[in-house]
Amino acid sequence: MADSLEPSDALWPAAQTAVPESSRWVWAAMSPPERRARLSELRTWVEWLCHTAELHNEVPPCWYQHRWLREMLTALYLGWLRAYEAEKPAGRAFTEADWISTVNAFKPYLKLPACLSGHQEPPLPPLSNPGADDAFELYLATSPDTTDPARHPAEAATRRITTKIHPIA
């Protein structure tokens, strides 16, 4: 008799032979067939994650229709692959625990209240401002943020401390 506490094999994503290259997961850079294949792979994993981490109330069923939510879940998936399947770098004994902490930190951002009763399209982006490029270029040319000479923020404090310790004669 199977232990009822163990998840069925159907809920556990198939193991990857190697952690995928990060360039493989830039959605816009993928060909349409690759995008469909990767999205199917991600869907299998998201279903496993929602079941295992009890995220049914956090991740809406329409998650794949929301680009930013898809990006966050992709990041969690790649982190999961690295944490559980990649060779651990020296000094990273808590990689899996770090990944679990990251999932918990992401929880508030995985919810989409607008989609509680069904998928809602994200709002349209605001119309572009025709003067925005000119304003940005003016800022780059005139702002102290972009024109002041380079200086480390702690430079003055370091000088004061050094002067107190080694007064200039």
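Structure: see above.
Just so it is clear, the structure is predicted and the values come from calculations on it, not from any experiment.

The rules behind the values
Residues numbered from 1 in each chain as written. Predicted model: local features only at pLDDT ≥ 70, side-chain atom pairs only at ≥ 80, totals over all residues. Heavy atoms only, no water. Helix = DSSP H or I, 4+ residues; strand = E, 2+ residues; numbered from the N terminus. Buried < 20%, exposed > 50% of the residue type's maximum accessible area, 1.4 Å probe, protein only. Lys, Arg positive; Asp, Glu negative; His and termini not counted. Salt bridge = Lys/Arg side-chain N within 4 Å of Asp/Glu carboxyl O. Contact = heavy atoms within 4.5 Å. 1 Å grid on protein atoms, 1.4 Å probe; cavity = no way out; pocket = protein on both sides within 12 Å on 5 of 7 lines; lining within 4 Å. Points joined across faces, edges and corners; volume = space filled by probe spheres on them. Nonpolar A, V, L, I, M, F, W, Y, C, P; charged D, E, K, R; others polar. Phe/Tyr/Trp six-rings, centres within 6.5 Å; stacked < 30°, edge-to-face > 60°. Axes fitted to C-alpha atoms, helices over the stretch in contact; angles between N-to-C directions. Parallel < 35°, antiparallel > 145°, perpendicular 65-115°, else oblique.

Draft legend 1. Region of the structure containing the side chain of R70. Turning to its location among the elements, R70 is positioned in helix 2 (residues 67-84). Put simply, R70 is tucked away with no salt bridge, and the nearest opposite charge, on E71, sits 5.7 Å away. Ignoring anything within four residues of it in the chain, the contact list for R70 reads W27, L39, L42, W63 and Y64.

Draft legend 2. A look at the side chain of T74. For T74, the location among the structural elements is in helix 2. When neighbours within four sequence positions are excluded, T74 is seen to be in contact with W25, W27 and L42.

Draft legend 3. Expanded view of the layout of surface pockets. In this structure, the largest pocket occupies an estimated 230 Å³ of space. Considering the residues around the largest pocket, the lining is formed by Q65, H66, R67, R70, L112, A114, C115, Q120, E121, P122 and P123. Looking at the lining of the largest pocket, its residues break down into five nonpolar, three polar and three charged.

Draft legend 4. Layout of the packing of aromatic side chains. Counting across every chain of the model gives eleven aromatic pairs. When the ring of W25 is compared with that of W27, the centres are 5.6 Å apart and the planes differ by 80°; the resulting orientation is edge-to-face. With respect to burial, W25 and W27 carry one shared label: buried. Relative to W80, the ring of W48 lies with its centre 5.2 Å away and its plane at 50°, an arrangement referred to as tilted. Linking W48 in helix 1 (residues 32-52) with W80 in helix 2, this pair joins segments that are 32 residues apart in sequence. Grouping residues by exposure puts W48 and W80 together as buried. Among the aromatic side chains, those forming a connected cluster through ring pairs are W25, W27, W45, W48, Y77, W80, Y84 and W99.

Draft legend 5. Main features of the packing of helix 2 against helix 3 (residues 95-110). Between helix 2 and helix 3, the least distance of the axes is 9 Å, while the angle of their chain directions is 170°. For the element pair helix 2 / helix 3, the angle class is roughly antiparallel. Of the residues in helix 3, those in contact with L69, M72, L73, L76, G79, W80, A83 and Y84 of helix 2 are T95, E96, W99, I100, T102, V103, F106, Y109 and L110. Broken down by class, the residue content of the contact of helix 2 with helix 3 amounts to 13 nonpolar, three polar and one charged.

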